[in-house]
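If you want the building blocks of each chain, they are given just below.
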Amino acid sequence: MRAVLTVFVKEFRENLRERRTLLSALILGPLLGPLLLAGGLTLRLERGVGESDRALQLAVAHGERAPNLLIFLREHGVSVTPVDYDEAAARAAVRSGRVQQVLSVDMDFAERLAAGAPAPLELYADASDLTGSGDSARVRALIGQYSALLGRLRLAVRGIDPLLAAPLAVQDIDVSTPATRSVLILGTLSYLVLLTMLMGGMYLAIDATAGERERGSLEPLLTVPVPREQLIYGKILATSVYMALSLSLTVAAFAIVLRFTGLERFGMSVNFAPGVALEVILLTLPLVPLGAALMTLVAAYTRSYREAQTWLALLLLVPTVPLAFAGLLGLRPHLALMAVPSLSQHFLITSLLRAEALPASWVALSVGVTLAIAALLIAAAGGLYRREALLG
Amino acid sequence: MIEAQRLEKHFGAVTAVREVSLRAADGRITGLLGPNGAGKSTTLRMLYTVLVPDRGDALIDGHSVVREPLAARARLGVLPHGAGIYPNLTARENILYFGALQGLAGAARRARTAELVKLLEMEEFADRPARGFSQGERLRTALARALVHRPRNLLLDEPTNGLDVMAVRALRRLLQQLRDEGHCVLFSSHVMQEVSALCDEVVVIAHGVVLEQGTPEEIRARANAGSLEEAFVRLIGAVDR
């Protein structure tokens, strides 16, 4: 047991002097995730707010043929620009992005309108232009409103109750709460937390195994009178501590950053008080020894530092696999899924942040299964260090 | 005292070492002499318990490397081939780490480390990070690390590789000093001059088989040769044919 501690202290201290380990474990990882999320959110927020406030720009060809429509549009905040495009010019103008949309009034518009026949209008817009899609939907909605208004007037003039033309009345009732609306963000958050946690231990896991062998210091280490599994336990312990530090810093950074992003303006809220942040850390902690043992085991099998880097970079994606499957299949959290490491942590974190009650059985199963798998992996790593093939 | 008894080791279909028996006595410097690929490193690695022999056994002060590897390791100081040290630790920290793993603690560990720093004349670089050490500085650090627990037996695999003349002379003086203190020193080399200059006892090995063991004088006489080098060439040549 003393050897485990000796190895742990040495690996911990040595990696404090390794810029690469420090950077990825304690600085880049914990800062990158929260900043990425906050940046993306702020951008979306500002664009969303800007869009609904901005006056709608609409180029209209032959507007003189439909003066009442133009008055209606102007009353509803549309800034109308008269243009004299024919069909080809309208297409070209929209395609080149000079204008986002062109409304063209047909020659027989007034005539057909007076005759009570559908009066033709053409709206040119580029469906592949995502920034303009909101605008053309707004124009179409306004024209639809105008059309419905005219229809009701026609019915009233003919002595028919306009309500007869509306046999059904559907009302949308949104039961989402601010906390549940943030579910997408929360999914991203738990994924980023798991990823940075693993990244925090990655370089140490490589350095302590493949790196040690490549430097030629593994062989002398194996000649000390200490059971060899204790050496690898010490290395896994050091990796775990770096991962736990990385995890804590990341969660703390998220808690701080999300406080300042103003999710409320989205109509979302995240339950991320200091106490909740602590619970998130505690619920994710069992995944630390599992990840550390897995990375150490994989790195110990590889032949060189670079090979280990390649494999561990792939390994970082492993915890995202259950998350992606759950997303694709639309899985809802239930007891059996708590037996899947990383997925169970994802569900628990999400539920916590949505301020939902966590059944004790979920927590117990998640922690129990994760720790059991961690124990198996640690034992397997110990077995690997007892084999002479380790020297490669 | 190191005694190997009919050690055998295969790597797949290749037999690296066959029926190797040798004795390295206390108070003697024993040289394991052989051409490249003769099985010197494999033999030493079985002696210092990193490889497990397929057949045979070896005793380190009476402790079997197969059945009691921990006890055997505790009595061994090892300088493997191309021994690496930790670049982010200073030379002193490298030594302290192995002291702790060898079971030394507290003041005793620090005192022994200071003693070795002085013995191996490492004062100048002892507290610098090992990154950027010269070959000689690295070797002295690795040697101090191997000696930190005062082992009775010292195993060195090609220790003079890549060293300049001054460093080789310093190493020789150290090994002679250890021998005079009663330690058992066993080292491998493919350099004839080195072995003849230093060794009390020589084991000639080629193709994984021990060809001769004795004092340089005995070997020379038995091969009916004018010098140890001539005897060596004849022995190796006889096997090659």
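None of the values given here were measured: they were computed from a predicted structure.

1. Overview of the overall build of chain B
Scanning chain B for helices and strands turns up 9 helices and 10 strands. Taken against the 2.2 N^0.38 rule, which gives 18 Å for 241 residues, the C-alpha radius of gyration of chain B at 18 Å falls within 12% of a compact globule. Expressed as a percentage of the 241 residues in chain B, the buried residues total 49%. In chain B, 67% of the contacts between residues at least 6 apart in sequence involve partners at least 24 apart.

2. Focus: the overall build of chain A
For chain A, the helix and strand inventory stands at 16 helices and 4 strands. The buried share of chain A, taken over its 392 residues, is 36%. Across chain A, contacts joining residues at least 24 apart in sequence account for 75% of those joining residues at least 6 apart.

3. Remarks on the interface of chain A and chain B
In this complex, chain A contributes 18 residues to the contact, which on the side of chain B involves 25 residues. Contributions of two or more residues to the side of chain A that touches chain B are made by helix H1 (2-16) and helix H9 (218-221) of chain A. Broken down by element, the side of chain A that touches chain B gets its largest block of residues, 4 residues, from H1 of chain A. Of the residues assigned to the side of chain A that touches chain B, the class counts are 7 nonpolar, 4 polar and 7 charged.

4. Topic: the sheet that holds strand S1 (residues 2-11) of chain B
Residue and element names in this part refer to chain B. Read across the sheet, 4 strands follow the order S2-S1-S4-S5 without closing on themselves; strand pairing throughout is antiparallel. Lying at the two open borders of the sheet, with one neighbouring strand each, are strand S2 (14-24) and strand S5 (63-64). Sheet topology note: the S1/strand S4 (residues 55-60) ladder contains 5 bridges and is antiparallel. In the strand pairing of S4, glutamine 5 is matched with aspartate 57. Sitting on the sheet, helix H1 (residues 40-47) touches S1, S2 and S4, and the angle it makes with S1 is about 115 degrees.

5. Some thoughts on the sheet that holds strand S3 (residues 101-105) of chain A
Residue and element names in this part refer to chain A. Reading across the sheet, the 4 strands line up as S2-S1-S3-S4 and stay open at both edges, with mixed pairing between neighbours. Taken across any chain shown, the strands that pair with only one partner, and hence form the sheet edges, are strand S2 (78-83) and strand S4 (121-125). For this sheet the average axis-to-axis angle between neighbouring strands, irrespective of direction, equals 25 degrees. Pairing analysis gives 3 bridges linking strand S1 (residues 56-61) to S3, with the strands arranged parallel. Opposite valine 60, over in S3, you have leucine 103 as the bridge partner. The sheet contacts of helix H3 (residues 67-75) involve S1 and S2, and relative to S2 the element is tilted by about 140 degrees. Packing of helix H4 (residues 87-95) onto the sheet brings it into contact with S1, S3 and S4, and relative to S3 it is tilted by some 165 degrees.

6. Description of the domain arrangement of chain B
One widely used convention gives an interface's size as the accessible area the parts lose upon coming together. Residue and element names in this part refer to chain B. If you check the domain split of chain B, you get domain 1 (2-75 + 152-240) and domain 2 (85-150). A C-alpha centroid distance of 26 Å is found between domain 1 and domain 2. Between domain 1 and domain 2, the contact holds 5 residues from the first and 4 residues from the second. Here the side of domain 1 that touches domain 2 is composed, by residue class, of 3 nonpolar, 1 polar and 1 charged.

7. With respect to helix H14 (residues 320-329) of chain A
Of all 10 residues making up H14 of chain A, only 1 are buried, and the element is barely covered by its neighbours. Just downstream of H14 of chain A lies glycine 330 of chain A, where phi reads positive at about 65 degrees.

8. Things to note about the environment of glutamate 158 of chain B
Residues and elements named next belong to chain B. Inspection of the secondary structure puts glutamate 158 in the loop between strand S7 (153-157) and helix H6 (165-180). Sequence separation of glutamate 158 and leucine 79 is 79 residues, and the distance between their C-alpha atoms is 8.7 Å. Among residues more than four places away in sequence, those in contact with glutamate 158 are His81, Ser188 and Ser189.

9. Regarding the pairing of S4 of chain B
Residues and elements named next belong to chain B. Taken together, the 2 bridges between S4 and S5 define a ladder with antiparallel strand orientation. Bridge assignment links leucine 59 to a residue of S5, and that residue is serine 64. Turn length for the S4-S5 hairpin, with the two strands adjacent in sequence and antiparallel, is 2 residues, and the turn residue aspartate 61 shows positive phi of about 50 degrees.

10. What to know about the domain arrangement of chain A
Looking at chain A, the domain boundaries give domain 1 (2-43 + 180-391) and domain 2 (56-165). Using C-alpha coordinates to define each centre, domain 1 of chain A is positioned 56 Å away from domain 2 of chain A.

11. Here's the deal with helix H12 (residues 287-301) of chain A
Between its terminal C-alpha atoms H12 of chain A stretches 21 Å, which fits the 21 Å expected from 15 residues at 1.5 Å a residue. The element H12 of chain A is largely enclosed, with a buried count of 14 among its 15 residues.

12. As for unusual backbone geometry
Residues and elements named next belong to chain B. The residue arginine 6 is not glycine, and still its phi comes out positive at about 45 degrees. With respect to the secondary-structure elements, arginine 6 resides in strand S1. With phi around 70 degrees, threonine 49 is a residue other than glycine that occupies positive phi space.

13. Some words on the environment of leucine 316 of chain A
All names here are of chain A. Note that leucine 316 resides in the loop between helix H13 (305-315) and H14. On the neighbour-count criterion, leucine 316 (16 C-beta atoms within 10 Å) is partly exposed. Counting along the chain gives 117 residues from leucine 316 to methionine 199, while the straight-line C-alpha distance between them is 7.4 Å. Setting aside residues no more than four positions away along its own chain, leucine 316 makes contact with Leu195, Leu198 and Met199.

14. Digging into the packing of helix H10 (residues 228-261) of chain A against H12 of chain A
Residues and elements named next belong to chain A. Look at H10 against H12: their axes get within 8 Å of each other, and the N-to-C directions meet at 130 degrees. When the interaxial angle is binned, H10 and H12 end up oblique. Regarding H10 and H12, the two cross each other, and that crossing is right-handed. For the pair formed by H10 and H12, the contact residues are Ile232, Lys235, Ile236, Thr239, Ser240, Met243, Ala244 and Leu247 on the first element and Val288, Pro289, Gly291, Ala292, Ala293, Met295 and Thr296 on the second. Per-class residue counts for the contact of H10 with H12 are 10 nonpolar, 4 polar and 1 charged.

15. Concerning the pairing of S7 of chain B
Each regular strand carries side chains that alternate between the two faces of the sheet. All names here are of chain B. Taken across its 5 residues, S7 has 5 buried, putting it largely inside the fold. Burial along S7 is two-sided: Asn153, Leu155 and Asp157 facing one way and Leu154 and Leu156 facing the other are all buried. Here 4 bridges tie strand S6 (residues 76-79) to S7, and the two strands are oriented parallel to one another. Note on S7: the bridge partner recorded for leucine 76 is asparagine 153. Examined bridge by bridge, S7 and strand S8 (residues 184-189) share 5 bridges and lie parallel to one another. Across the sheet, the residue bridging to aspartate 157 is serine 188, located in S8.

What counts, and where the lines are drawn
Residues numbered from 1 in each chain as written. Chains lettered and ligands numbered in written order. Predicted model: local features only at pLDDT ≥ 70, side-chain atom pairs only at ≥ 80, totals over all residues. Helix = DSSP H or I, 4+ residues; strand = E, 2+ residues; numbered from the N terminus. Rg over C-alpha atoms; globule rule 2.2 N^0.38 Å. Buried ≥ 20, exposed ≤ 12 C-beta atoms within 10 Å, placed from the backbone. Contact = placed C-beta atoms within 7 Å. Nonpolar A, V, L, I, M, F, W, Y, C, P; charged D, E, K, R; others polar. Pairing = 2+ DSSP bridges. Axes fitted to C-alpha atoms, helices over the stretch in contact; angles between N-to-C directions. Domains from an automatic or database assignment. Expected span 1.5 Å × (residues − 1). Parallel < 35°, antiparallel > 145°, perpendicular 65-115°, else oblique. Left-handed = near helix turned anticlockwise from the far one by under 90°.

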